[in-house]
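# Commentary on secondary and tertiary structure
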Amino acid sequence: MFQIGEFSKLANVSIRSLRHYDKIGLLIPEKINTETNYRHYSASQLQTINKIQKLKEIGLSLSVIKEILASGSNTETIQAHFAIRELELQEELETIKQQNLLLESSLAVLKDDSAKLNYHVVQKEIPKRFVASVRDTIPTFANEGWLWERLYKEIIPQQVQFSKEPYNMAIFHDETYLDANVDVEVQVALKQSDYQAVNGVIFKEVPAETVASIIINGSYEQMTAVTETVAIWLENHNYQLNGPMFNIYHVSIATDPNPQNWVTEACFPIKEQNNEI
């Protein structure tokens with residue numbers, strides 16, 4: 001038998017961890033002195049602690065490890081938990097890849113704070129047009145693709161005729177910024193609007209509007225610098241916002257998976273400043 005300190009050295013595991021394993025029933029000492037409360041471990045328990053450490057190294061939780069040990073290290077139980085962990089690792093790897101892409105795309109903007117000065121603001125009019133539209137609350141901005149799928153699923157069977165300039169756009173209706181459950185509308189311009197509304201997809205005429213417009217080449221991580229640039233332009237030209245901002249997608253993920261090739265026109269509806277406080 002080995003006292004907890006001796007066993008800790010042999011197992012390369014801290015006393016604190018051994019006490020925690022005892023508390024949750026993962027590794028109970030072979031013997032506990034009822035008078036001194038000293039814990040004693042057997043040499044055979046080194047094999048168990050080595051299994052615990054190995055399973056921890058591959059990322060399994062203590063509750064899962066406890067289940068595996070309780071099963072007598074049953075092969076089917078182990079394989080089932082390993083399969084789940086493999087899926088988790090694949091998801092973690094995908095997240096890391098996305099974060100790496102974000103780092104690369106953000107580096108230029110974060111490295112040079114003057115990057116926003118390279119954006120050119122144009123005042124223009126988006127003309128009156130007929131559109132097919134669907135508006136809904138979606139979990140996050142990343143789920144915008146759901147709306148596009150829903151829109152095209154309903155309009156393609158009706159053999160709609162697209163406008164020469166389709167104005168594929170997403171309009172962000174929330175009055176304040178939200179992280180989740182966002183109110184988004186997607187539209188595409190048509191030659192006419194006399195089609196059958198179905199599944200939340202409607203056909204309507206929308207009026208012309210004056211906007212401050214910026215062309216973005218590349219990924220959407222630039223949007224922070226874009227909004228800063230527009231805010232400065234609004235103040236310098238005595239304009240104020242006049243409705244929800246929207247993006248017009250000239251080249252998007254729907255036609256090119258490479259973010260470096262995307263071309264997005266960020267539009268901010270504006271009106272002359274009324275100077276009221």
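Computed from a predicted model, the values in this text were never measured in an experiment. (Residues numbered from 1 in each chain as written. Predicted model: local features only at pLDDT ≥ 70, side-chain atom pairs only at ≥ 80, totals over all residues. Heavy atoms only, no water.)

## Observations regarding the packing of helix α1 (residues 4-11) against helix α2 (residues 15-23)
Across the interface, α1 lies against α2 with an axial gap of 9 Å and an inter-helix angle of 105°. Here α1 lies roughly perpendicular to α2, going by the angle between them. Taking contact as the criterion, the partners of I4, G5, F7 and S8 in α1 are, on α2, I15, L18 and R19. When grouped by side-chain class, the residues that make up the contact of α1 with α2 number four nonpolar, two polar and one charged. (Axes fitted to C-alpha atoms, helices over the stretch in contact; angles between N-to-C directions. Helix = DSSP H or I, 4+ residues; strand = E, 2+ residues; numbered from the N terminus. Parallel < 35°, antiparallel > 145°, perpendicular 65-115°, else oblique. Contact = heavy atoms within 4.5 Å. Nonpolar A, V, L, I, M, F, W, Y, C, P; charged D, E, K, R; others polar.)

## So, the sheet that holds strand β2 (residues 31-32)
To summarise the sheet geometry, strands pair through backbone hydrogen bonds and adopt either a parallel or an antiparallel arrangement. Spatial ordering of the open sheet is given by β1-β3-β2, a layout of three strands whose pairing is antiparallel. Looking at which strands have only one partner, the edges of the open sheet turn out to be β1 (2-3) and β2. Here β1 pairs with strand β3 (residues 39-41) via two bridges, running antiparallel. Residue pairing for β3: F2 is matched across the bridge by Y41. (Pairing = 2+ DSSP bridges.)

## So, the pattern of salt bridges
What the rule picks out here adds up to nine salt bridges. Put simply, E88 and R85 hold a salt bridge, and the shortest N to O gap is 3.2 Å. With E88 and R85 both in helix α5 (residues 75-111), this residue pair falls three residues apart, about one helical turn. You can call E88 partly exposed: its relative accessible area is 34%. (Salt bridge = Lys/Arg side-chain N within 4 Å of Asp/Glu carboxyl O. Buried < 20%, exposed > 50% of the residue type's maximum accessible area, 1.4 Å probe, protein only.)

## Points about the domain arrangement of the chain
If you check the domain split of the chain, you get domain 1 (2-72) and domain 2 (122-272). Using only C-alpha atoms to locate each centre, domain 1 and domain 2 end up separated by 59 Å. (Domains from an automatic or database assignment.)

## Structural notes on the nonpolar core
Counting 35 residues, the largest nonpolar core has L151, I155, F203 and V226 as the members making the most contacts within it. Among the elements of the structure, β5 (129-138), α6 (144-155), β6 (169-172), β7 (182-190), β9 (209-217), α7 (223-237) and β12 (263-272) are those that each provide at least two residues to this core. Here this core takes six residues from α7, the largest share from any one element. What V226 contacts, discounting residues up to four positions off in sequence, is Y119, I214, I216, A266 and F268. (Core = buried A, V, L, I, M, F, W, Y, C linked by side-chain atoms within 4.5 Å.)

## Regarding unusual backbone geometry
A positive phi angle is found at Q159, which is not glycine, with a value near 50°. Here Q159 is to be found in the loop between α6 and β6.

## Quick word on the pairing of β6
Of the two faces of β6, the one holding M169 and I171 and the one holding A170 and F172 are both buried throughout. Here β6 pairs with β7 via four bridges, running antiparallel. Counted as the bridge partner of F172 is V184 from β7. With three bridges connecting them, β6 and strand β11 (residues 246-251) associate as antiparallel partners.

## What to know about the environment of F268
With respect to the helices and strands, F268 occurs in strand β12. Under the relative-accessibility criterion, F268 is labelled buried at 8%. For the pair F268 and E228, spaced 40 residues apart in the sequence, the C-alpha separation amounts to 12 Å. Those residues in contact with F268 that lie beyond four places of it in its chain are T210, V211, A212, V226, T227, V230, L241 and M245.

## Thoughts on α1
Where α1 is concerned, the buried positions are I4, F7, S8 and A11. Taken down its axis, α1 places every buried residue within 105° of arc, on the same side. Its buried side turned inward, α1 meets β1, α2, β3 and α3 (45-57). Remark: N12 follows α1 within two positions and exhibits a positive phi of approximately 55°. (Arc of directions from axis to C-beta.)

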